[in-house]
Amino acid sequence: MSHAVQDRPVTVTPRRSLSHARLPRWTPAAVAVFSVVAGCGLGLAAGWHSKVQWGLIAALVFVLATYALTSKVEGSRQAKDRVATSLVWVCFVLAVVPLLSLAWVTISKGMEVLDGYFLTHSMNGVLDAEAGGGVYHALLGTIEQVGIATVIAAPIGLLTAVYLVEYGGGKLAQAVTFFVDVMTGIPSIVAGLFILATWNLMLGFGPSGFAGAMALAILMMPVVVRSTEEMLKLVPNELREASLALGVPKWRTILKVVLPTAIGGITTGVMLAVARITGETAPVLLLVFGTKLINPNPFEGAQSSLPLYVYEQYAVGTDAAVARAWGAALVLIAFVMILNLVARGIARWKAPKTGR
C-alpha cells in the first residue's frame, strides 16, 4: 500500500503572479484629451454649433474609452471601478462649468460699471434710461434687511435645533419637525403674502425694510434649523457624557461643549441661509416696494435692495440700465462671498483648539 502511494504521479500547480497589468498613470489625462478632441470633431462633423453638445459627446467618449481600455488591460472588475470614478469626475465638471461660466460673465460685464461712484451714489435724479447713477441705496437696504432677518431667524433656528436634538422626543418635537419640513418648501412669494396680510393689512403698517426682513426670516428659519440639527447630531455623545459625568449641568454642557464643537457646521448652515435670502426679490417687491432714494431707516418708508435693483434695471432694457444690473449682480455676489469669509474666520476663531 505504501509503495503504491509513492508511485502516484505528483501534479505541480503553476505559480500565479499576484500582480496584474495596470494602465500608466497618465492614461486618464490622455483619454480626457482624446475625448475632447473627439467631441469637438464629431460635433463639427455633425454640424452642431452648441458647445454644450460637444461637451456631452466628449463626456460620453471619455467614459466609454476608459471602460474599453481598462477592461482590455486590467480586467472587467477594475474597469467598472474606473467607470464609476470617471462618472464622478464628469458630473463634477458638468456642475462646475456652468458655475464658472456664470461667474466669468458676471465679473466681465459687472466690472464695466463697478467703481467708487457706482458704490457711493443712488439713482436719485437719474432716469432709468440714462447712464450714471449707482447702487448705494440698494446695497444699504440689502445690508439692513438681511441683517435684521439674520438677527430674527438665527437665534430662533439655533434654539429650535438645540431643543429637537437635546431635549425633544415627544409629540411637540414631532410637530415642530413637521412644521419645519413644511416651511422648508414654502415659496418666497407665500412668505411675502403672509407678512403683507398680517403686518401691512391687518395691523396697518406701511411698506418698510423691516417688513421685508420678517418675510426673509421666515424663509431663513427652516434652513438654519435643519443645518444646525444635523451638525449637533454629529457631535459625539461621549463628549456630552464626559461633561455630565463631571457634574456639569446639561445647559452648560450644551453651551460650552456641544455648540463650540459644532460651531463650524452651524456657521456654514447660517451662511447658506443668508445666501438663500439675499437674492430674494418677491418679498421685497411686495413689502418694501423699492425706491431710488437713500432710506437708512428700515422701519419706515420704502427701501430698495440689490435683487430688486437688478430686476428693475434689467426690466428697463436700455444698455445703461442693463450694465447697472450686471454691476449690481456682481456687488451682490461679492457681498455674499465677503459674509462667508467673515463667518468662516469667526467660526475658526471660536472653534475649540485640538492641538496641545
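Residues numbered from 1 in each chain as written. Predicted model: local features only at pLDDT ≥ 70, side-chain atom pairs only at ≥ 80, totals over all residues. Heavy atoms only, no water.

Considering the overall build of the protein
Stated precisely, the cut-off is as follows: A helix here means a DSSP run of H or I that spans at least four residues, while a strand means a run of E at least two residues long, and both kinds are numbered starting from the N terminus. What the globule rule says is 2.2 Å times the number of residues to the power 0.38, and the radius of gyration is computed from C-alpha atoms. Per-residue accessibility, obtained with a 1.4 Å probe over protein chains only, is compared with the maximum for each type, and a residue is labelled buried under 20%, exposed over 50%, and partly exposed between these values. This count recognises Lys and Arg as positive and Asp and Glu as negative, with His and chain-terminal groups excluded. Here the site of a charge means NZ on Lys, CZ on Arg, CG on Asp, or CD on Glu.
A tally of helices and strands in the protein yields 15 helices and zero strands. In terms of overall size, the protein is more extended than a compact globule, its C-alpha atoms giving a radius of gyration of 30 Å where 356 residues would be expected to give roughly 21 Å. A principal-axis box enclosing the C-alpha atoms of the protein has dimensions of 110 × 70 × 40 Å. The proportion of buried residues among the 356 residues of the protein is 37%. Of the charged side chains in the protein, 26 are positive and 18 negative, and the gap between their average positions amounts to 15 Å.

Considering the packing of helix α6 (residues 136-167) against helix α9 (residues 209-233)
How we decide: Angles run from 0 to 180 degrees between N-to-C directions of axes, and those axes are lines fitted to C-alpha atoms, restricted for helices to the stretch in contact. Left-handed describes a crossing whose near helix is turned anticlockwise from the far helix by less than a right angle; the clockwise case is right-handed. All amino acids are sorted into three groups, where Ala, Val, Leu, Ile, Met, Phe, Trp, Tyr, Cys and Pro are nonpolar, Asp, Glu, Lys and Arg are charged, and the leftover types, Gly among them, are polar.
Contact geometry for α6 and α9: axes closest at 6 Å, N-to-C directions at 35°. Between α6 and α9 the crossing geometry is right-handed. Of the residues assigned to the contact of α6 with α9, the class counts are 21 nonpolar, six polar and two charged.

With respect to empty space enclosed by the protein
Applied cut-off: Method remark: on a 1 Å grid restricted to protein atoms, a set of points is classed as a cavity if a 1.4 Å probe fits but cannot get out and as a pocket if it is open with protein on both sides within 12 Å along at least five of seven lines; lining residues have an atom within 4 Å of a point. Grid points are joined across faces, edges and corners, and a volume is the space filled by probe spheres set on the points.
Within this structure, the stated rule accounts for one cavity of 30 Å³ or more. By volume, the largest cavity is sized at about 40 Å³. Around the largest cavity, the lining residues are Thr 142, Gln 145, Val 146, Leu 216, Ile 277, Thr 278, Glu 280, Val 284, Ser 305 and Pro 307. Mapped by element, the contributors of at least two residues to the lining of the largest cavity are α6 and α12 (263-278).

Examining the environment of Asn 200
Where we set the bar: Any two residues whose heavy atoms approach within 4.5 Å are treated as being in contact.
Within the secondary structure, Asn 200 is located in helix α8 (residues 188-202). Residue class for Asn 200 comes out buried when judged on its relative accessible area of 12%. C-alpha separation for the pair Asn 200 and Leu 287, spaced 87 residues apart in sequence, amounts to 8.2 Å. Beyond its immediate sequence surroundings of up to four residues, Asn 200 is in contact with Ile 195, Phe 205, Gly 206, Pro 207, Ala 211 and Leu 287.

Side note on the packing of aromatic side chains
Where we set the bar: For Phe, Tyr and Trp, rings pair up if their centres lie within 6.5 Å, where Trp contributes its six-membered ring, and each pair is then called stacked (planes under 30 degrees apart), edge-to-face (over 60) or tilted (otherwise). To sit over a ring, a charge needs its Lys NZ or Arg CZ within 6 Å of the ring centre and within 35 degrees of the ring normal.
Under the definition given, this model contains five aromatic pairs. Their ring planes at 10° and their centres at 4.1 Å tell us that Trp 199 and Phe 205 sit as a pair that is stacked. The class of Phe 205 is partly exposed, set by a relative accessible area of 41%. Grouping aromatic residues by their ring pairs yields a cluster made of Trp 199, Phe 205, Phe 210 and Phe 299. The side chain of Lys 250 reaches across the aromatic face of Tyr 167, ending 4.7 Å from its centre.

Describing the packing of helix α2 (residues 27-46) against helix α3 (residues 51-73)
Which entries qualify depends on this criterion: Any angle that falls under 35 degrees is termed roughly parallel, while one over 145 is termed roughly antiparallel, one within 65 to 115 roughly perpendicular, and all others oblique.
At a minimum axis separation of 7 Å, α2 and α3 run at an interaxial angle of 135°. Accordingly, the angle class assigned to the pair α2 and α3 is oblique. Both α2 and α3 take part in a crossing whose hand is right-handed. Residues that form the contact of α2 with α3 fall into these classes: 16 nonpolar, five polar and no charged.

Regarding the layout of surface pockets
The space that makes up the largest pocket amounts to roughly 730 Å³. For the largest pocket, the lining is made up of 32 residues, of which Ala 59, Phe 62, Trp 89, Val 90 and Val 93 are closest to its centre. Those elements that provide at least two residues to the lining of the largest pocket are α2, α3 and α4 (76-110). Looking at the lining of the largest pocket residue by residue, the class counts come to 20 nonpolar, nine polar and three charged. Volume-wise, the second largest pocket comes out at about 250 Å³. Around the second largest pocket sit Leu 99, Leu 100, Leu 102, Ala 103, Thr 106, Ile 107, Leu 330, Ile 333, Ala 334 and Met 337, which together line it. Those elements giving two or more residues to the lining of the second largest pocket turn out to be α4 and α15 (319-350). The biggest single contributor to the lining of the second largest pocket is α4, with six residues.

A word on the environment of Arg 276
Test applied: As used in this structure description, the phrase polar contact means that two N or O atoms lie within 3.5 Å; if the pair is within protein, one of them must be able to donate a hydrogen and the other to accept it, and residues adjacent in sequence are counted only when both atoms belong to side chains.
Take Arg 276: it is sitting in helix α12. What makes Arg 276 partly exposed here is its relative accessible area of 31%. Separated by 2.6 Å, the side chains of Arg 276 and Glu 280 make a polar contact.

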